[in-house]
Amino acid sequence: MDAPYRWKPVTVRSQYKGGITIKRYTSTVLLIILLAVLSVWSLFIGVLDIDPANLFSGDLEQIEIFLISRLPRLLAILCTGVGMSVAGLIMQQLCMNKFVSPTTGATISSAQFGILMALLFMPRSTLWGRAVFAFVFAVLGTWIFVWFIQRIQFKDVVMVPLVGIMFGNIISGVTNYFAYKYDMTQALSTWLVGHFNMVLRGRYEIVYLVVPLVIIAFIYANHFNIVGMGKDFSENLGVHYNFVLFMGLTIAAMITASVVVVVGSVSYIGLIVPNLVAMFKGDKIRGALIDTALFGSIFVLVCDMIGRVVIFPYELPIELIIGIVGSLVFIVMLLYRLNHGRKAVRLGGKPGPNVSTMEGGVEA
């Protein structure tokens, strides 16, 4: 007679325990090192020369330039890159469409309209007062955009961003109409084109709001992933679909508004950076958010450095440089998508498996 079968627990030892961890964070470490090097380099690029030796020896004039202009500019650049990239990543995940961003979702246009309303009704308002208007109108504009696409019966991959672009152009048209009517065009022009040359100590601190908002986005990253899979899937897992959806959109809108108030309109970042990172890291927000933030900062910092040295001692607006570089990168990315579909990029090998599953828009 056979002996009775005894169940024995089996311990599975992963042979990839160390290798996967190292490989997973290699890109993050490299991006951190590159960002640190570029950040230090950018501090010494400008019309007025700053000598590190004089700076550390206590030269008061150079310390003033460093603390009043160079360091605030660098911090504003980093916050802009982090904020706009994360805002684009959140919007793409929640709207289930890789072509949605603060630019194509009418968020930037709505924030500019809010600033104009602040200039019209509160002409003596401070930067914080204008920021409140920008926050409110950016959130409302983003919510209305999502309300629109929820009612589109056929959610084609191109239809959703086209609706956002048309809606954004309508808001921009209304903004320009009121600006011309009340002779506010020159006052509004500061926020129509993104630039960092006016960033000084005391005039940029609003952009620090990006930091807590990005932390909240990281905490709720898994919820955003679940909501991105659809309303039915979210409810089956016990996630409140509408609450998480509008919370994520509100975070993205407030990040965008805080950047627009300080820097002005900066396009392409929220569209290109999340797509490029997703080609290497996949669509899971928590796994891609840190790399997206780092790469966004590097992208904005490099474009700003280019704008400072191309026609030195003069300076080109960051919006112009990002527009040129961003459009070229976007064309390359589209060509890759046409040739390889939605497949991940593997360095030193063939394209990997599909990592992007978002083709339509937000469910009704």
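Scroll up for the structure.
Rules and cut-offs
Counting restarts for each chain, with residues numbered from 1 along the sequence as it is written. Side-chain atom pairs in this predicted model are given and counted only at pLDDT of 80 or more, local residue features only at pLDDT of at least 70, and totals for whole chains, interfaces and linings cover all residues. By convention in this description, side-chain values take in all heavy atoms of the structure and omit both hydrogens and water. Two distance rules govern patches: like charges are joined within 9 Å, and nonpolar side chains (Val, Leu, Ile, Met, Phe, Trp, Tyr) within 5 Å, applied only to residues with over 30% relative accessible area and no salt bridge. Note on areas: Shrake-Rupley with a 1.4 Å probe; residue coverage comes only from the protein chains shown. Salt bridges are identified by distance alone: a Lys or Arg side-chain nitrogen within 4 Å of an Asp or Glu carboxyl oxygen. Numbered from the N terminus, helices here are DSSP runs of H or I no shorter than four residues, and strands are runs of E no shorter than two. Only protein chains enter the accessibility calculation, which uses a 1.4 Å probe; a residue whose area is less than 20% of its type maximum is buried, one above 50% is exposed, and one in between is partly exposed. Here an axis means a line fitted to C-alpha atoms, over the contact stretch when the element is a helix, while the angle between two N-to-C directions is reported on a 0 to 180 degree scale. Any angle that falls under 35 degrees is termed roughly parallel, while one over 145 is termed roughly antiparallel, one within 65 to 115 roughly perpendicular, and all others oblique. Rotating anticlockwise by less than a right angle from the far helix to the near helix defines a left-handed crossing, while the corresponding clockwise rotation defines a right-handed one. For this analysis, residues touch if any pair of their heavy atoms sits within 4.5 Å. Each residue is assigned to one class: nonpolar for Ala, Val, Leu, Ile, Met, Phe, Trp, Tyr, Cys and Pro, charged for Asp, Glu, Lys and Arg, and polar for all the others, Gly among them. Paired rings are identified among Phe, Tyr and Trp, the last through its six-membered ring, by centres lying within 6.5 Å, and are further divided according to the angle between planes into stacked (under 30 degrees), edge-to-face (over 60) and tilted (the rest).

With that out of the way, let us pick up a nonpolar patch on the surface. On the surface, Val132, Val136, Leu140, Trp143, Ile144, Trp147 and Phe148 cluster together to form a nonpolar patch covering roughly 620 Å² of accessible area. Note on placement: Leu140 falls in helix α5 (residues 127-150). Taking the relative accessible area as the measure of exposure, Leu140 reaches 42% and is therefore partly exposed.

Okay, the packing of helix α3 (residues 60-95) against helix α13 (residues 285-309) next. Following both chains from N to C, one finds α3 and α13 inclined at 135°, their axes separated by 7 Å at the closest point. Comparing their axes, α13 and α3 come out oblique. Like other packed secondary-structure pairs, α3 and α13 cross with a definite hand, here right-handed. Mapping the contact onto sequence places Arg73, Leu74, Ile77, Leu78, Gly81, Val82, Ser85, Val86, Leu89 and Gln93 in α3 and Ile285, Leu289, Thr292, Ala293, Gly296, Ser297, Val300, Leu301, Asp304 and Arg308 in α13. Class assignment of the residues belonging to the contact of α3 with α13 gives a composition of 11 nonpolar, six polar and three charged.

This part takes up the packing of aromatic side chains. Counted according to the given criterion, the structure contains six aromatic pairs. Both rings, one in Phe113 and one in Phe137, keep their centres 5.4 Å apart while their planes meet at 80°; by these two values the pair is edge-to-face. You can see Phe113 sitting in helix α4 (residues 107-121) and its partner Phe137 sitting in helix α5, a full 24 residues away along the chain. Since its relative accessible area comes to 17%, Phe113 is described here as buried. Note on Tyr177 and Phe178: the rings are 5.3 Å apart at their centroids and 70° apart in plane angle, and the pair reads as edge-to-face. Phe178 sits in the partly exposed class, given a relative accessible area of 25%.

Tallied over the entire structure, the rule returns three salt bridges. With a closest N to O distance of 2.7 Å, Arg73 and Asp304 form a salt bridge. Of this pair, Arg73 sits in helix α3 while Asp304 sits in helix α13, and the two are 231 residues apart along the sequence. Considered together, Arg73 and Asp304 belong to a single accessibility category, that of buried residues. Asp304 serves as the salt-bridge partner of Arg308, at 2.7 Å between the closest nitrogen and oxygen.

Okay, the packing of α4 against helix α6 (residues 159-181) next. One can describe the packing of α4 onto α6 by two numbers: an axis separation of 9 Å at closest approach and a directional angle of 20°. Regarding the angle of α4 to α6, the classification is roughly parallel. Crossing of α4 against α6: the hand is left-handed. In this structure, α4 uses Ser109, Ser110, Gln112, Phe113, Leu116 and Leu120 to contact α6, whose residues at the interface are Gly168, Ile171, Ser172, Val174, Thr175, Phe178 and Ala179.

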